[in-house]
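Overview (structure and organization)
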Amino acid sequence: MSFVKLTTSALAIAAVSATTAAARDQVQIAGSSTVLPYASIVAEAFGDNTDFPTPVVESGGSSAGLKRFCEGVGENTIDVANASRAIREKEIAACADNGVTDIIEVRIGYDGIVFASQIDGPAYTAFTQADIFNALAPMVMVDGVLVENPHTQWSDFNADLPAADILAFIPGTKHGTREVFEEKVIAVGCEQTGAMQAMIDGGMSEDDAEDACLAVRTDGKSVDIDGDYTETLARINANANGIGVFGLSFYENNTDKLKVATMAGISPSTETISTGEYPVSRPLFFYIKKAHIGVIPGLKEYASFFTSDELSGPGGPLATYGLVSDPELAATQQMIADEVTMGSGS
Amino acid sequence: MTDATAPSLPRKSKSLLAEDDRTKKRNAAEKRFKYYGIAAISVGLVFLVILVATILREGTPAFTRTAVTVDFVLTQEQFDEAESAVLKTAAYTRLFSQFVADQAEEKGVATDLTDEDRAEIAAGLERIMGKIGSDIRVHYRENPDDVGSPVRFNLAAASRVDAYLNNGQSRDGFVSSRFLEEQDLDLIDAMVEIDMIGSDWDRTFFFGSDSGVDNPGGAGIGVAVVGSFFMMIVVLVLSLPISVAASIYLEEFAPKNRFTDLIEVNISNLAAVPSIVFGILGLAVFIQFMHLPQSAPLVGGLVLTLMTLPTIIISTRASLKSVPPSIRDAALGVGASKMQTVFHHVLPLAAPGILTGTIIGLAQALGETAPLLLIGMVGFVARAYPDTFVGGFTEANSVMPAQIYTWASRADPGFYEKAWGGIIILLVFLLTMNIIAIILRRRFERRW
């Protein structure tokens with residue numbers, strides 16, 4: 001009786017809200033946890049400085065974000081996907097299958113990837129790509145022969161490094177950071193140490209060797225972190241011997257707990273990254289569904305606000321937080337103003 | 001006759017006061033068991049004390065903030081200038097820092113300043129103040145008459161200033177960074193000296209919304225509390241009637257056959273399903289198929305309803321079962337129909353148990369994060385209080401556990417503190433709900 005009433009009213013509420021839900025008035029964003037801090041800074045400022053509501057920014061990783069982005073066009077799909085890597089051909093195809101054809105690619109700046117360890121831990125102060133490869137690859141070169149990785153301590157292959165057990169916390173495969181780590185550190189180390197040549201000489205095709213070069217040992221010395229950098233930080237805090245892979249901005253926020261290592265002799269900073277000297281950096285992007293511009297209020301304004309000189313330029317709040325400004329920001333601003341989609345002009 | 005049986009007893013006659021070996025053994029075993037029990041409880045208590053102490057120690061700093069009090073004058077010209085900028089909030093921050101730096105001598109922060117010193121102080125103040133532009137802008141937009149006359153502002157300082165003053169961080173270990181430089185510490189000390197910087201109760205934390213990652217001082221849990229409230233309404237309104245109806249039917253009306261047995265087993269199994277599974281289901285059914293809004297408490301409530309249903313059904317059935325059959329027999333005996341029996345006699349007697357089960361189910365749902373990850377309630381979401389009652393269900397919002405999770409994963413240590421503070425608030429709510437459940441049980445429960 002009264003239960004019947006309650007249930008019907010509940011259903012009525014659900015029905016009413018379902019119909020009112022049709023008009024979404026805030027921008028919906030998801031994707032890379034590396035871009036999330038920047039996006040949240042911009043989203044807050046966008047709500048504070050304009051008359052549009054504050055966009056909703058979700059985390060979850062570049063791949064997860066792009067997957068949701070490509071689910072289709074309409075108000076129940078997200079408008080913007082943040083990514084710490086460029087969109088892949090496969091993803092563009094998946095998007096097109098679901099009707100998401102016009103995508104605007106916006107590069108917001110660069111992010112450095114640093115290797116940091118506990119501030120009181122062993123003296124991990126200088127690495128090269130070859131060091132990281134020797135420590136973390138499954139097959140390495142020892143005395144000119146390709147063998148299964150026998151190294152247990154850093155000093156096993158480089159006397160300049162401390163005699164501490166190898167333990168590295170690297171981003172999991174769903175993170176865009178992992179790809180950069182593989183391509184700019186492991187793969188480079190693979191070539192430098194001659195392991196790649198050895199693989200090709202051993203009968204592998206060049207493509208297979210390139211793929212094999214990206215592998216990481218699986219005996220527990222290298223640990224995939226699927227969570228955020230805070231999880232990596234907690235693991236580093238618990239393991240004095242551990243080194244972790246962080247974004248530059250995260251490291252700069254936690255300089256009291258972490259010390260950073262140079263890569264190939266260059267210490268990471270916004271300056272060395274913007275000049276391209278520091279080797280491990282990657283561009284950050286977000287992708288906009290052009291079909292949603294004009295449908296979701298504030299979407300285009302959000303994009304141009306994000307890329308304005310005041311926010312993304314040098315000295316802006318994003319640069320203060322650790323983003324390396326894009327020297328070609330003006331071109332990006334123009335591109336957003338003209339709504340240039342991928343493949344149409346760029 | 002009677003004395004003839006006495007010698008036939010083979011008993012070793014012994015004093016009742018002296019224990020024989022077997023009794024001793026049994027008594028010792030009993031004692032040992034008691035000690036095991038006490039040890040188990042003590043271990044539990046120690047962990048509880050450690051947990052509560054840690055939460056209180058880490059979390060209470062979130063309730064206070066370091067604030068800067070300044071009488072600020074904004075001219076009409078400056079107001080117009082700031083409003084015409086792209087990043088208006090930053091313009092206000094700059095104007096404010098400039099104003100304080102210009103007044104540094106009058107206020108007694110420093111003496112004999114050159115213009116260069118002033119510029120340096122202004123730059124230092126921008127670091128010390130953190131993100132205050134939004135507060136100033138909101139004030140002048142709401143009170144345009146205040147432009148031109150002095151207004152007393154009480155603005156939050158940056159999180160690192162807070163850490164320096166409250167956590168007793170020594171200067172030796174201080175590392176200069178973009179966020180706070182070593183010379184800023186002198187300025188902070190001077191400002192503390194003249195009571196310009198002080199500690200006060202952080203209202204923003206209780207009533208505010210989530211903030212950008214560079215602004216831990218502006219973050220508050222208030223909006224997320226409201227989100228939790230609306231989500232709990234959905235859970236309560238849907239799960240209580242559905243589960244009570246289901247339990248009454250299964251317990252009082254349904255025939256006992258293989259089919260109802262199957263349903264029973266499935267309900268028990270559902271109660272043990274990991275909550276993330278319900279999140280995946282919610283994403284597929286409510287958002288992708290039914291096109292309900294993302295990040296909305298309505299969808300969160302629907303997902304958590306699915307999760308809570310089995311819990312409430314099981315406890316409701318248990319309390320219906322505990323009503324003695326004699327009550328039913330008596331009601332049926334005087335001619336009541338089956339439905340009258342259930343609604344007039346059985347249900348009222350079972351109500352305390354049902355309520356307890358419901359409240360515990362709700363408390364479980366209140367602390368749940370995993371299913372909400374998938375329906376868009378985790379991230380930078382809780383930004384504004386809903387405008388209308390219906391809006392409370394459909395507008396994007398977060399909930400307390402999701403907000404805590406978000407804060408805990410941010411780089412700035414200031415957010416870590418906020419996360420612990422949020423845990424305290426969440427625990428207060430959970431504790432209140434559990435206490436209500438206990439009180440209800442104590443007051444209304446009848447033993448047969």
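Residues numbered from 1 in each chain as written. Chains lettered and ligands numbered in written order. Predicted model: local features only at pLDDT ≥ 70, side-chain atom pairs only at ≥ 80, totals over all residues. Heavy atoms only, no water.

1. A closer look at the packing of helix α3 (residues 76-84) of chain B against helix α4 (residues 88-102) of chain B
Geometry of a packed helix pair, given as the angle between the helix axes and the separation of the axes. Residue and element names in this part refer to chain B. Remark: α3 packs on α4, axes separated minimally by 7 Å, with the N-to-C direction vectors making an angle of 145°. On α4, the residues touching Q78, F79, A82 and E83 of α3 are K88, A91, Y92 and L95. Here the contact of α3 with α4 is composed, by residue class, of five nonpolar, one polar and two charged. (Axes fitted to C-alpha atoms, helices over the stretch in contact; angles between N-to-C directions. Helix = DSSP H or I, 4+ residues; strand = E, 2+ residues; numbered from the N terminus. Contact = heavy atoms within 4.5 Å. Nonpolar A, V, L, I, M, F, W, Y, C, P; charged D, E, K, R; others polar.)

2. A look at the packing of aromatic side chains
Residues and elements named next belong to chain B. This structure, assessed with the given rule, holds 33 aromatic pairs over all chains. Taken together, a centroid distance of 5.9 Å and an interplanar angle of 55° make the contact between Y140 and F153 tilted. Here F153 lies in strand β2 (residues 151-156) and Y140 lies in helix α7 (residues 133-142), a separation of 13 residues in the sequence. The pair formed by Y140 and F153 is uniform in burial state, with each residue classed as buried. Both rings, one in F229 and one in F230, keep their centres 5.5 Å apart while their planes meet at 75°; by these two values the pair is edge-to-face. (Phe/Tyr/Trp six-rings, centres within 6.5 Å; stacked < 30°, edge-to-face > 60°. Buried < 20%, exposed > 50% of the residue type's maximum accessible area, 1.4 Å probe, protein only.)

3. Notes on a negative patch on the surface
Residues and elements named next belong to chain A. There is a patch of like negative charges on the surface, built from E191, E206, D207, D208, E210 and D211. Considering every element that reaches the negative patch, the biggest residue donor is helix α8 (residues 206-213), with five residues. By the element assignment, E210 lies in helix α8. (Patch = residues over 30% accessible without salt bridge, like charges linked within 9 Å, V, L, I, M, F, W, Y side chains within 5 Å. Areas by Shrake-Rupley, 256 points an atom, 1.4 Å probe, with all protein chains shown as cover. Salt bridge = Lys/Arg side-chain N within 4 Å of Asp/Glu carboxyl O. Lys, Arg positive; Asp, Glu negative; His and termini not counted. Charge placed at Lys NZ, Arg CZ, Asp CG, Glu CD.)

4. Some remarks on helix α20 (residues 413-444) of chain B
For α20(B), which comprises 32 residues, the first-to-last C-alpha distance of 47 Å matches the rise-based estimate of 46 Å (1.5 Å per residue) to within 8%. Looking at where α20(B) begins, the residue whose side-chain oxygen comes 2.8 Å from the main-chain nitrogen of B:G414 is B:D412. (Expected span 1.5 Å × (residues − 1). Polar contact = N/O pair within 3.5 Å; in protein donor to acceptor, adjacent residues only side chain to side chain.)

5. Let's talk about the nonpolar core
With 86 residues, the main nonpolar core has A:F127 and A:I132 as its most contacted residues. Per-element accounting of this core gives the leading share, eight residues, to helix α2 (residues 36-49) of chain A. Residue assignment places this core across two domains, with domain 1 (24-110 + 283-338) and domain 2 (112-281) of chain A each supplying three or more. Setting aside anything within four residues of it in sequence, one finds A:F127 in contact with A:F115, A:I132, A:W154, A:L161, A:I243, A:A261, A:T262, A:M263, A:A264 and A:G265. Among the nonpolar cores identified, the runner-up in size contains 48 residues, and B:I221, B:F286, B:V303 and B:I404 belong to it. (Core = buried A, V, L, I, M, F, W, Y, C linked by side-chain atoms within 4.5 Å. Domains from an automatic or database assignment.)

6. Examining the pattern of salt bridges
With the rule as written, the count across this model stands at 26 salt bridges over all chains. Residue B:R152 is joined to B:D71 by a salt bridge in which the shortest nitrogen-to-oxygen separation is 3.1 Å. One end of the pair, B:R152, is in strand β2; the other, B:D71, is in strand β1 (residues 64-72), with 81 residues separating them in the sequence. The class of B:R152 is exposed, set by a relative accessible area of 60%. Two residues, B:E264 and B:R317, come together in a salt bridge whose shortest N-O distance is 3.2 Å. Of this pair, B:E264 sits in helix α12 (residues 258-271) while B:R317 sits in helix α14 (residues 297-321), and the two are 53 residues apart along the sequence. When its relative accessible area of 31% is taken as the criterion, B:E264 is described as partly exposed. Residue class for B:R317 comes out buried when judged on its relative accessible area of 8%. A cluster of three or more residues bridged by salt bridges with shared partners is formed by A:D51, B:E83, B:R137 and B:R141.

7. Some details on the interface of chain A and chain B
Each partner contributes residues to the interface: chain A has 48 residues there, and chain B has 46 residues. Both sides together, the interface formed by chain A and chain B hides about 4200 Å², and carbon and sulfur atoms give 58% of it. Taken together, the connections running from chain A to chain B amount to one salt bridge. In this structure, the connection of chain A to chain B is made through 16 residue pairs in polar contact (both at pLDDT 80 or more). Every element with two or more residues in the side of chain A that touches chain B is listed here: α1 (2-20), α2, β2 (56-58), α10 (248-253), α13 (309-312) and α14 (317-321) of chain A. The element that contributes the greatest number of residues to the side of chain A that touches chain B is α2(A), accounting for eight residues. In the side of chain A that touches chain B, the residues fall into 20 nonpolar, 18 polar and ten charged. Pairing of β2(A) with strand β4 (residues 379-380) of chain B involves two bridges; the strand directions are antiparallel. Residue pairing for β4(B): A:V57 is matched across the bridge by B:F380. (Buried area = accessible area lost by both parts, 1.4 Å probe. Pairing = 2+ DSSP bridges.)

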